[in-house]
Amino acid sequence: MSPLTRTRRVAPPAGDPAGAGRRRRRIRHMTTVDRVVVAVLLGIPLLLSLAFIWIPALTTVLLSFTRWNGVGGLHAKACDPALPSILNNGCVNGVQNYHQAATNYPQFWPAVQHNFIWLGVFVAIATPLGMLFAVLLDRNIRGSRMYQSALFLPVMLSLALIGIIWEFVYSQDYGLINTVIGRDGGSDAIDWLGDPDLNLWAVLLEATWRQAGYVMILYLAGLKAVDPTLREAALIDGANGRQTFWRVIFPVMRPINIVIMVITVIESLRAFDLVYITNKGINGLELLSVLVTSNIVGETQRVGFGSALGVVLLLISLVPISVFLHQTFRREEKQ
Amino acid sequence: MSVVDRPDSVVGSPTRRTLLRGVGGAGLTVAAGGLLAACGDSEPESGKSSGPVAGSTVTFGSNYSDPATRTAFAALTDSAAGATKTKIKINTVDHNSFQQNITSYLQGTPDDLFTWFAGYRMQYFAAQGLAEPIDDVWEKIGGNFNDVAKKLSTGLDGRKYLVPLYNYPWVVFYSRSLFKKNGYTVPTTWDAYMALCKKMKSDGLIPIAFGDKDGWPALGTFDILNMRLNGYDYHVKLLKHEVPWTDQGVYSVFQHWAEMMPYVQSGANGRVWQDAAKALESRKAGMMFQGTNQVAAQFVSDKADLDDLDFFPFPAINPKWGQDFMDAPTDGFMLSKKAKNSSGAKAVLEYIGTGEAEAEYLKTDQWDVGLAQGVNVPTYNAIQKKSAAEIGKCKAVAQFMDRDADPAMATAMISVIQKFIDDPATSGIAALQKSAENQARAIYT
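Residues numbered from 1 in each chain as written. Chains lettered and ligands numbered in written order. Predicted model: local features only at pLDDT ≥ 70, side-chain atom pairs only at ≥ 80, totals over all residues. Heavy atoms only, no water.

Enquirer: Which parts of the structure should I look at to understand the sheet that holds strand 10 (residues 330-335) of chain B?
Expert: Hydrogen bonding along the main chain pairs the strands of a sheet, whether they run parallel or antiparallel. Residues and elements named next belong to chain B. Pairing is mixed in the open sheet, where 6 strands are placed in the order 2-1-3-10-4-11. Each end of this open sheet is capped by a strand with a single partner; those strands are strand 2 (87-92) and strand 11 (369-370). Its contacts with the sheet put helix 17 (residues 355-362) on strand 4 (162-167) and strand 11, and the angle it makes with strand 4 is roughly 45°. (Pairing = 2+ DSSP bridges. Helix = DSSP H or I, 4+ residues; strand = E, 2+ residues; numbered from the N terminus. Contact = heavy atoms within 4.5 Å. Axes fitted to C-alpha atoms, helices over the stretch in contact; angles between N-to-C directions.)

Enquirer: How should I be thinking about the interface of chain B and chain A in this particular structure?
Expert: A common way to report how large an interface is uses the accessible area buried once the components associate. On the side of chain A, 52 residues touch chain B, which itself brings 52 residues to the contact. Both sides together, the interface formed by chain B and chain A hides about 4200 Å², and carbon and sulfur atoms give 55% of it. Joining chain B to chain A, the criterion identifies 2 salt bridges. Linking R271(B) and D173(A) is a salt bridge whose minimum nitrogen-to-oxygen distance equals 2.7 Å. Applying the counting rule to chain B against chain A returns 12 residue pairs in polar contact (both at pLDDT 80 or more). Where the side of chain B that touches chain A is concerned, the elements lending two or more residues are helix 1 (16-25), helix 4 (95-100), helix 5 (102-107), helix 6 (120-127), helix 20 (407-422) and helix 21 (429-444) of chain B. With 7 residues, helix 20 of chain B is the largest single contributor of residues to the side of chain B that touches chain A. (Buried area = accessible area lost by both parts, 1.4 Å probe. Salt bridge = Lys/Arg side-chain N within 4 Å of Asp/Glu carboxyl O. Polar contact = N/O pair within 3.5 Å; in protein donor to acceptor, adjacent residues only side chain to side chain.)

Enquirer: Where do I start with the pattern of salt bridges in this structure?
Expert: Pairs can form between side chains of opposite charge whenever their charged atoms are close. All chains considered together, the criterion is met by 21 salt bridges over all chains. The salt bridge involving D138(A) is made with K224(A); its shortest N-O contact spans 3.6 Å. Of the two residues, D138(A) sits in helix 5 (residues 108-138) while K224(A) sits in helix 9 (residues 199-225), which places them 86 residues apart along the sequence. Note on K224(A): relative accessible area 52%, which makes it exposed. Two residues, D308(B) and R283(B), come together in a salt bridge whose shortest N-O distance is 2.6 Å. Highlighted residues: D308(B) in the loop between helix 15 (292-301) and strand 8 (309-312) and R283(B) in the loop between helix 14 (273-281) and strand 7 (285-291), separated in sequence by 25 residues. Of the residues examined, D308(B) reaches a relative accessible area of 10% and is grouped as buried. Three or more residues are tied together by salt bridges with common partners; here these are D138(A), K224(A) and R231(A). (Buried < 20%, exposed > 50% of the residue type's maximum accessible area, 1.4 Å probe, protein only.)

Enquirer: Even after reading the chapter, I still don't get the packing of aromatic side chains, so can you show me in this structure?
Expert: Two aromatic rings, taken as a pair, are described by how far apart their centres are and by the angle between their planes. The full count for this structure, using the stated rule, is 44 aromatic pairs over all chains. Arranged with centres 5.5 Å apart and planes meeting at 75°, the rings of W166(A) and W209(A) form a pair that is edge-to-face. Of this pair, W166(A) sits in helix 7 (residues 159-170) while W209(A) sits in helix 9; the two residues are 43 residues apart in sequence, bridging distant segments of the chain. Judged by its relative accessible area of 12%, W166(A) is buried. A residue is classified by how much of its surface remains accessible, and W209(A), at 34% relative accessible area, is partly exposed. Their ring planes at 35° and their centres at 5.8 Å tell us that Y232(B) and F325(B) sit as a pair that is tilted. Within this pair, whereas Y232(B) is found in helix 12 (residues 232-239), its partner F325(B) is found in strand 9 (residues 325-327), the two being separated by 93 residues in sequence. By relative accessible area, F325(B) is classed as buried at 7%. Put simply, the rings of F98(B), Y105(B), W116(B), F117(B), Y120(B), Y124(B) and F125(B) pair up and form one aromatic cluster. Lying over the aromatic face of Y276(A), K280(A) brings its terminal NZ or CZ to 5.4 Å of the ring centre. Here the basic side chain of R302(A) rests over the ring of F305(A), its NZ or CZ set 4.3 Å away from the ring centre. (Phe/Tyr/Trp six-rings, centres within 6.5 Å; stacked < 30°, edge-to-face > 60°. Lys NZ or Arg CZ within 6 Å of the ring centre and 35° of its normal.)

Enquirer: Looking at this structure, I do not really get the state of the cysteines. What am I missing?
Expert: All names here are of chain A. One pass over the full model with this rule turns up 1 disulfide over all chains. One disulfide in the model links C79 with C91; its S-S distance is 1.8 Å. Its S-S torsion of approximately 95° makes the covalent link between C79 and C91 right-handed. Residue C79 is found in the loop between helix 3 (32-63) and helix 4 (96-104), and its partner C91 is found in the loop between helix 3 and helix 4; the two are separated by 12 residues along the sequence. Like C79, the residue C91 is buried in the burial classification. (Disulfide = S-S within 2.5 Å.)

Enquirer: How should I be thinking about the packing of helix 20 of chain B against helix 21 of chain B in this particular structure?
Expert: Two measures define how a pair of helices packs: the angle their axes make with one another and the distance between the axes. Residue and element names in this part refer to chain B. Between helix 20 and helix 21, the shortest axis-to-axis distance is 10 Å and the interhelical angle comes to 170°. Classified by the interaxial angle, the pair formed by helix 20 and helix 21 is roughly antiparallel. Of the two elements, helix 20 crosses helix 21, and the hand of that crossing is right-handed. Contact residues: helix 20 offers A408, M409, A412, M413, V416, K419 and F420, while helix 21 offers I429, L432, S435, A436, Q439, A440, I443 and Y444. When grouped by side-chain class, the residues that make up the contact of helix 20 with helix 21 number 12 nonpolar, 2 polar and 1 charged. (Parallel < 35°, antiparallel > 145°, perpendicular 65-115°, else oblique. Left-handed = near helix turned anticlockwise from the far one by under 90°. Nonpolar A, V, L, I, M, F, W, Y, C, P; charged D, E, K, R; others polar.)

Enquirer: Would you explain the environment of L159(A) in this entry?
Expert: Residue and element names in this part refer to chain A. One can find L159 in helix 7. Distance from L159 to V275, taken between C-alpha atoms, is 9.7 Å for residues 116 residues apart in sequence. Non-local contacts of L159, meaning those with residues more than four positions away in its chain, are made with R210, D273 and L274.

Following this line, the structure appears as structure tokens:
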């Protein structure tokens, strides 16, 4: 038996000097090899997360206070508004990027609004829809496997492909909807993807089509894992279907619910592919992720400005993340 | 790690610091730049070499990624390799990725030569110190080009940076048979153009086919209206922000556009230009204003009746300018600042700047036209012959808004113009102009 287990079994009384001695001995038992292994196992992930997450994130924050077109170096001089932009490259711009984004970048506020609409639709429509599908399929209705595959199919397609598939449904000249309602080609055709009042909702329908399947499969897995004796007990206690679900099954699935909540928030904040495929995220389909990309990736990069938009997206993402972490840690403390 | 660097650090010598800066800048873009930069194999030493040309290898970064242009480009480089006795290694990258990564590509380990565009877009990269001037090449090929082509190849510092290959005009396409059947005549003035549109509409046609889902096609309409109304110099000044966007000249551009809008295919913001071209092919639409590189190329790939396709230059509006100007975007080649084999690359450029080389390229390309004077291309079709003639008549050619302006400004104008297309009321023009001006101030200063 190793000294480690022995320590655990025979808990030393408080203030016992022997206990402290044992603990010291336990550390001494970590050989050099152990220490190297621990250092490597902790060090590699630490370095990776520094190199690929923390340093880029902090650099983005720093860059958001500069003007830089991606060529040459940065310097500590303040930008001079009297100079042409090409001579002002790499200068410190203060909060000007944020100010510009909020005041005279027409795409900014629509993008923020669309990100929130996206989140709202996922929370209020896609997730409940996925849950409903899962609950219905869990009842083992006839052909449930077929429905399951049909609903899950969109999840297996890449979002880029989904954008292309729905193009055939929405196109005003040869699209399915306009053809069915007899409005294809003419001037009375409905411009589903071009009209800025319609296109966000049209794209959200595509996104929901996929997201509901995603939520369904996660939820279905959760439902299958619920102990059937709970249902039986609820049945014996005289609970009806609704009561059984909301009072017994739903609370038991708390871990799955949290996973789904996190996925919903992440999926809606990282929304990008569908709008980019549809029209590069312009004219009614602006999203913060698209604005970041269109400013940073490109021939003439506005790296500072794009970084400022990235920081805004980061701040928005921090809200649900901190709420989630706060909730999780509070629960752990209680237990 | 410090992001703030001394201003004296130079682009030419990538150090660990510049590399780290690259990582920082790419923080949110998932290091997209690495894609191209990784193609090279080692650091360039001095950027200049004076070794023998024959037998040396010249690397060529190419965005000619479509099958047809790729074949034409291969024919061009094969004959260039034969003429200069060099080996040419082509590194083809999808043209969108090429354009998006150009900045990091040119700062990393670029190929000796790379494909690029004339106009402000070329001047911008030359001014950043990413391209090598090629005045010595132009001393030899200068006689092959006219003044327009020379101007298009000159940077802001007055030195030459580009060897042009071909260009293509932006004109009004129409179907010959449809015009004949309905007795339409080619309009040369704005009034005749509007009258023709009205006639077509009453005949049940879509007068002007239009698709602007990608955002950029409408920029061409802005360009031509501005050049017809205010002239070439005004247009270029506006795009360099030497004239404010709130100017009356811009107002009259949108005003004329608003007059045209009732005849333009509706729902343009939701239609790609290829679908608009299909309306022209099927003779549902009477006319379409776009580049031959797009419309004629679409007819070729759809195997539509190319012989029935004809075009005319956009009608005159202001008699002062007549039909003197048009958009004719020019593509060509530049020498990287960090080229490893610059003497070999210059020899290749000298060859490409000849009519013979252009003719070799245009054997496979059915929609562009060569720029060299007196270039003899026996394979030209009717569209190409007419393109060359019409470009030749122009007093100046613009390069298209995203090549004549800072691309960030062109992007801003895409959304301004799409808003206009959604609601082309003259009452909204002033607000759009103000938005454009505010964004121009942020971009150009």
